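Observations on the model geometry
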Amino acid sequence: MQEGLEIIVCVKQVPDPEGPPSAFVVDSEALRVVPKGIPPVISPFDENALEVALRLKEAHGGSIALLSAGSGISQAVMLKAMATGADELLLVEDELFDCEGPDSSSTAALLAAAIRKKGGFDLILTGRQAADTNSGQVGLGIAQMLDVPAVSLAQKVEVFDGEVTVERVLPDGHEIVRVTLPALVTISHEVGDLRYPRMADIKTAKERPRTKWSAGDLGVEPASSVRARILELSQPVRERQCCIVDGDTPEEAGERLALKLREAKLL
Amino acid sequence: MAGYEGVLILGELGDKNQAAGITLELLGLGGKLAQGLDEQLKVVLLGNNVEGAAAELPQYGADKVYLADDPVLGSYNPETYLSLLQSVCEDEKPRIFLAGSTPVGQDLAPRLAFSMGTGLVTDCVGLELGDSPGLLCTKPTYGGNAMAVFVLDTMPQMATIRSRVGEAPSPDPSRGGEVTKLDTGAYTRPSRMEVAGQVKEETVGVKLEEARVVVSGGRGVGGPEGFSQLEEMAQLLGGAVGASRPPCDSGWIPPTSQVGITGKIVAPDLYIAVAISGSSQHLSGMSDSRHIVAINKDPEAYIFKVVDYGVVGDWRSVLPAFTCKLRELITE
Ligand SMILES: Cc1cc2nc3c(=O)[nH]c(=O)nc-3n(C[C@H](O)[C@H](O)[C@H](O)COP(=O)(O)OP(=O)(O)OC[C@H]3O[C@@H](n4cnc5c(N)ncnc54)[C@H](O)[C@@H]3O)c2cc1C
Ligand SMILES: Nc1ncnc2c1ncn2[C@@H]1O[C@H](COP(=O)(O)O)[C@@H](O)[C@H]1O
């Protein structure tokens, strides 16, 4: 293997998932969610994936390319991510992202085509799931299309001697999986948060190479590979009538809560 | 799309090599779909020494069971499992393929969907037959801030389902079904992946997913000491301790205790949320609980909109008095 690792990190721009429920306005006619008063951010697990890439680059040398597909991708959001230590930005803009949006399979097809066009890589990292789709398919789809082995749900990633060793999250622990490079790994938040970029790096990040493709440039017709369509979109109903239990002191309120629960036969 | 028929379920094994709870739930759910279609319900089960488990499935409604029994299948290797499963799907051509939102289902279903060039909806909370007869799959998106109904345009129509969406049918020992053993020889070749072992966290006491009472703490609990207080209360109620994500990220409690869209999905009789604000991601994991209680010092906290009982106050004062009274009431 050559010196260093060539890593591609797939990053998706989404409305800040930590926004309050009122910030996600459901348009049931247009079948889409319209963010209100919240900024676009990089989907949190993709940030975790970028952090993994940065650590691997520190340990092994090499380069990191960020790959994002969408429409109206924010410069500021991508620059901030680039500034943490990525070397190259690859953007795929397509108007399909404007309307109902592509599904997992058309997105994976677009990203796989972009990766082919870019050329070689040792490791592709994606988030375990995007904060908007909550789907967890695109990473495994890319791997399938590029015919490389894939491991999902990584909480730790190490590369040694042409192999990547992954700790894969399980509900009651983890398992250890080894695959040969080139490979794809989907990343879970346990790996740790993305570091903050320095102001100075945000400035220089502007000068790093950037490529913009359309689906046409990649020779893909994303609409033809859509397999899942949204029929209905609604706001979930979760609200309940809350009985506030109070008292003259918090201690009294605590005691009353216990009494109330017994009254309701919940104990 | 003629030729595609029946509902095929990915069976999984629970403790003691018996069919997992989720598999029985899927048999309940899949059974209704199969009935609606007037087609067969089938299960494919992969593992080591699983003939016993396979033999039990017809009682729960399986018309056919495909069984791959091989020492190599004793632990989950995605590539081996995939090649076997794909060959079953190509031979059987199911109209609908269902798996659980489990570590295996989450990993294997997307691989299978992409290998077969078909569509998949993950993490569904509802399934229904539409007209035509397409499968309508309901799932939360945007971290639970929206609920979407998807329809799939290709066969097989694939979905992974959360636990507790389906209901296990009561077993009917008089019901028969056909168990077919698959030839595993062709698939147990070496793969590009090596699964080198598992590290399990010991759970003491009641399992979070099975507990009838869950006491969860959030960022406002402030540290591991606070969680010992929650533990004390949970023990008193015969329940388990859970958490929102920040306490897990901070190491106050093991990450396996996380409740929410990327943690465990729970639906106990009683869920007590202590110093949790009520983010959509957390609510996605517990809002189906029968009764919910919140203790939070912020009267405006969103959590109060989605609970049955609330106390506004510092948990440090509320909780000890609550626990003390509970003990009194329980020992009465
Ligand atoms: C993609 C993604 C996936 C996620 N998955 C999950 C998930 O599975 N599960 C999950 O829980 N989160 C998840 N999150 C995180 C989620 O968005 C929230 O950040 C998190 O749930 C907030 O946890 P919290 O309510 O404990 O903390 P906060 O929102 O900080 O709330 C703390 C609360 O404690 C109260 N408080 C503070 N001190 C006291 C006191 N002394 N007494 C009483 N009350 C007090 C405050 O009033 C406040 O309401 C996810 C986020 C993303 C982006
Ligand atoms: N439009 C996109 N651009 C870049 N990466 C994406 C895109 N969509 C999905 N991904 C990657 O695939 C992961 C899983 O997405 P999903 O299958 O939609 O949950 C995300 O965390 C990203 O890393």
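About the cut-offs
- Residues numbered from 1 in each chain as written.
- Chains lettered and ligands numbered in written order.
- Predicted model: local features only at pLDDT ≥ 70, side-chain atom pairs only at ≥ 80, totals over all residues.
- Heavy atoms only, no water.
- Contact = heavy atoms within 4.5 Å.
- Buried area = accessible area lost by both parts, 1.4 Å probe.
- Salt bridge = Lys/Arg side-chain N within 4 Å of Asp/Glu carboxyl O.
- Polar contact = N/O pair within 3.5 Å; in protein donor to acceptor, adjacent residues only side chain to side chain.
- Near = heavy atom within 4 Å.
- Areas by Shrake-Rupley, 256 points an atom, 1.4 Å probe, with all protein chains shown as cover.
- Helix = DSSP H or I, 4+ residues; strand = E, 2+ residues; numbered from the N terminus.
- Nonpolar A, V, L, I, M, F, W, Y, C, P; charged D, E, K, R; others polar.
- Expected span 1.5 Å × (residues − 1).
- Buried < 20%, exposed > 50% of the residue type's maximum accessible area, 1.4 Å probe, protein only.
- Pairing = 2+ DSSP bridges.
- Axes fitted to C-alpha atoms, helices over the stretch in contact; angles between N-to-C directions.

Digging into the interface of chain A and chain B
Listed per partner, the contact involves 76 residues of chain A and 81 residues of chain B. Taken over both partners, the interface formed by chain A and chain B buries close to 7,100 Å², and the fraction arising from carbon and sulfur atoms is 57%. Counting every contact that joins chain A to chain B gives seven salt bridges. Among the ionic pairs, Glu 194 of chain B bridges to Arg 178 of chain A, the shortest N-O distance being 3.5 Å. The interface formed by chain A and chain B contains 40 residue pairs in polar contact (both at pLDDT 80 or more).

A look at the site of ligand 1
Neighbouring ligand 1 are 29 residues, the closest being Glu 18 of chain A together with Arg 219, Ser 244, Thr 262 and Ser 277 of chain B. More than one chain approaches ligand 1, the contributing ones being chains A and B. With respect to ligand 1, the backbone of Val 259 of chain B contributes an N or O atom lying 2.8 Å from a nitrogen atom. At 3.1 Å from a nitrogen atom of ligand 1 is found a main-chain nitrogen or oxygen belonging to Lys 297 of chain B. The protein chains hide 89% of the 980 Å² of surface that ligand 1 would expose on its own. Those elements that provide at least two residues to the shell around ligand 1 are helix H1 (44-60) of chain A together with helix H6 (245-249), helix H7 (280-283) and helix H8 (315-331) of chain B. Its residues placed into classes, the shell around ligand 1 shows nine nonpolar, 13 polar and seven charged.

Topic: the site of ligand 2
Residue and element names in this part refer to chain A. Around ligand 2, a shell composed of 19 residues is seen, among which Asp 46, Ala 130, Thr 133, Gly 136 and Gln 137 lie nearest. Contact distances for ligand 2 include 2.8 Å between an oxygen atom and a backbone N or O atom of Cys 10. Notes on ligand 2: free accessible area 480 Å², of which the protein chains cover 99%. Going through the elements one at a time, strand S6 (62-70), helix H3 (104-118) and strand S8 (123-127) are the ones with two or more residues in the shell around ligand 2. Ranked by the residues each element gives to the shell around ligand 2, the list is headed by S6, at three residues. Considering only residue class, the shell around ligand 2 consists of eight nonpolar, nine polar and two charged.

Comments concerning H1 of chain A
Residues and elements named next belong to chain A. With 17 residues, H1 extends 25 Å from end C-alpha to end C-alpha; this agrees with the ideal 24 Å at 1.5 Å per step. Among all positions of H1, only Phe 45, Asp 46, Asn 48, Ala 49, Leu 50, Glu 51, Val 52, Ala 53, Leu 54 and Leu 56 are buried. Among the residues trailing H1, Gly 61 stands out with phi positive, at a value near 75°.

Considering the sheet that holds strand S13 (residues 240-243) of chain B
Reading across the sheet, the six strands line up as S15(A)-S16(B)-S15(B)-S14(B)-S12(B)-S13(B) and stay open at both edges, with parallel pairing between neighbours. Of all strands in the sheet, those bounded by a partner on one side alone are strand S15 (243-244) of chain A together with S13 of chain B. Most of the contacts of helix H5 (residues 224-236) of chain B go to S13 of chain B, to which it runs at about 140°, and overall it touches strand S12 (213-217), S13 and strand S14 (270-274) of chain B.

These values are about where atoms sit, not about what they do.
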